[in-house]
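# Remarks on the overall topology
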Amino acid sequence: MQPQFGFPDTSAPAPVTAHAARTSAMLVRLSIRNVVLIERLDIDFGPGLCVLTGETGAGKSILLDALGLALGRRAEAGLVGAAPERASAAASFEIDAGHPARRWLAEHGLDDEGALVLRRALGADGRSRAFINDQPVTVAALAELGALLVEVYGQHDRLGLMDPATHRRALDSFGGLEGARVHTAAAHRARVAAEQALAVAEADAAAARARREEIEAVVADLRALAPVAGEEQRLAEERAALMARGRIGELLGQAAELVAGSGRAADEALRGAQRLVAQAAAQAAGRLEALAAAFERAVVETAEALALLDAAGAGLDAEPGRLDAVEERLFALRAAARRHGVAVDALPELARTLADRLEALAEGDAARRDLAEAAVAARAVYDEAAAALSRGRAKAAKRLDRAMGAELAGLKLAAAGFATRLEPLAEARRGATGAERISFEVATNPGLAPGALSDIASGGELSRFMLALCVVLADSRSGGALIFDEIDAGIGGAVADAVGRRLGRLAGSRQVLVVTHQPQVAALADRHLRVVKSVEAGRTLTRIEALDSEARREEIARMLAGAEITDQARAAADSLLDGRAERAAAT
């Protein structure tokens, strides 16, 4: 019995091939717990071409289902095995510094230290929980990141290059048009900004024109009113002072009335009394001198008081009608403020704002002409950038079609056709990605109209088309591991050998995992894993074995001969493996 994978026989190391470069994203380990027939399994992977073989029904599809679970793909409760706990799968990756997955992690605020681990647990009720580097995320986020790390191609798979949404970026990468695409996107942003600025200016102008007469009337009213900042407070203070003057006048009038109330002026009465006291003092031998002096002072001070009383009364009447004028101005300012919904002190600023708006209306045509010219210029820049991108895409499409033709011929599909379709978009639908819709189309037989890749009826033909496309695009795409699920179904002989050779070439720059039934493909692998189903303690289980050189020879012989392995099958297996060794040495 061969050692279960994860504990390989170190006395027989797996063959190693020199590779052009480390893959940009590599699946390092897949850990599976309680998924259908797999109770517990940890599978380690390496660079290059890794094949999984095994008899039909051994459980190879379970492995891909488990990987799909870890990558956020759709999963059903039927994946949960016999054990009561939930099913789980974890996929560990190594990624280069410049891989898009690192940017994705940064954008989503997730840890990006060391290995990248995607994990998902699935309950018997169909509910699942997703994690990236042990941080909980949504299943949608897990699937989004998983799509950057692994591309799966099978007869029923519709992701990766099968999705027309990926064709534009694939063609741009193949043609080295990333710079042109970025320039086009920037030009589109500038165009949108210029057109939005023009639209805002035109909307403002239209609204302002509708209110022009109203604005002009308000400006005329405010100009006639001529409000001044701080005027309200000053007028209110003056009004209070003027109202106080009226009360003062009343009091002074009453005082004047009292002084002259007897009909004789108070100062005349005092003067008469002062003369009489003076005569008496002259006859009193000095005894009335103090009284005479007091009357003399009273006469003087009374005269001064009467003079001041007259002067104060005259001062109060210096500005007749001033109070009425102040109140009229103050009430006019407050009425204008209420009418326009602002404070009185804001009236001067309102007058300036409305005057500026009128002036802007007068100058608006010139400003809008400038904005219109800027929008036209931005559109011209975008149109030129998009046209340059379109020209680059047309050239890249021709090169891609030629390269695909060569690959398809080598895969025994020379009669089939591949075409990169560039469909011009209507003016209104052109955007940041350019001026055309891009799709890869195929015709499997001469005379047939080309159609979408997904329209290919034959699974074997579809798989070979996808393989050819992956090989042609391999050097230009930054991506992750490639998984081909029975890509060689329905083929054999020379076609299987051609498929194997291309898988090996593709594995020179990307990690490639292949589920295969073809010995020609299996013989070219850098790593060979066998899926085995067995009954242990009354339970059917699936396990994985890493094959050493002898076990690998037996497995390839089994694939050649069937149930009974013959010496002829072993000799044929040796021949296939020797051919691989010779190619590896030449590389």
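First things first, this report covers the structure right here in the doc. (Residues numbered from 1 in each chain as written. Predicted model: local features only at pLDDT ≥ 70, side-chain atom pairs only at ≥ 80, totals over all residues. Heavy atoms only, no water.)

### Notes on the packing of aromatic side chains
- For the structure on display, the rule yields one aromatic pair.
- Pairing Phe-418 with Phe-440 gives two aromatic rings, centres 5.5 Å apart and planes at 45°, and the pair type is tilted. Of this pair, Phe-418 sits in strand 9 (residues 417–424) while Phe-440 sits in strand 10 (residues 436–443), placing them 22 residues apart in sequence. In terms of burial, Phe-418 and Phe-440 fall into one category: buried.
- The ring of Phe-131 carries Arg-119 above its face, with NZ or CZ at 4.2 Å from the centroid. (Phe/Tyr/Trp six-rings, centres within 6.5 Å; stacked < 30°, edge-to-face > 60°. Helix = DSSP H or I, 4+ residues; strand = E, 2+ residues; numbered from the N terminus. Buried < 20%, exposed > 50% of the residue type's maximum accessible area, 1.4 Å probe, protein only. Lys NZ or Arg CZ within 6 Å of the ring centre and 35° of its normal.)

### Quick notes on the nonpolar core
- In terms of nonpolar packing, the biggest core is built from 55 residues, with Phe-484 and Leu-503 touching the most fellow members.
- Top contributing element to this core by residue count: helix 12 (residues 459–473), with ten residues.
- When neighbours within four sequence positions are excluded, Phe-484 is seen to be in contact with Tyr-153, Leu-467, Cys-470, Leu-503, Leu-506, Val-512, Leu-513, Val-514 and Val-515.
- Among the nonpolar cores identified, the runner-up in size contains 50 residues, and Leu-30, Cys-50, Leu-52 and Leu-145 belong to it. (Core = buried A, V, L, I, M, F, W, Y, C linked by side-chain atoms within 4.5 Å. Contact = heavy atoms within 4.5 Å.)

### A word on the packing of helix 6 (residues 212–225) against helix 10 (residues 322–340)
- Where helix 6 contacts helix 10, the axes come no closer than 11 Å and their chain directions differ by 155°. When the axes of helix 6 and helix 10 are compared, the pair comes out roughly antiparallel. In the packing of helix 6 onto helix 10, the handedness of the crossing is left-handed. Across the interface between the two elements, Val-218, Asp-221, Leu-222 and Leu-225 of helix 6 pack against Arg-329, Ala-332, Leu-333, Ala-336, Arg-339 and His-340 of helix 10.
- Residue composition of the contact of helix 6 with helix 10, grouped by class: six nonpolar, one polar and three charged. (Axes fitted to C-alpha atoms, helices over the stretch in contact; angles between N-to-C directions. Parallel < 35°, antiparallel > 145°, perpendicular 65-115°, else oblique. Left-handed = near helix turned anticlockwise from the far one by under 90°. Nonpolar A, V, L, I, M, F, W, Y, C, P; charged D, E, K, R; others polar.)

### What about the sheet that holds strand 1 (residues 25–35)?
- Read from one edge of the open sheet, six strands run 2-1-4-5-6-7, paired in antiparallel fashion. Since the sheet does not close on itself, it has two edges, and those belong to strand 2 (38–44) and strand 7 (135–137), each with one partner. Across the sheet, the mean angle separating the axes of adjacent strands is 20° when strand polarity is ignored.
- Where strand 5 (residues 116–122) meets strand 6 (residues 128–132), five bridges bridge the pair, whose relative direction is antiparallel. (Pairing = 2+ DSSP bridges.)

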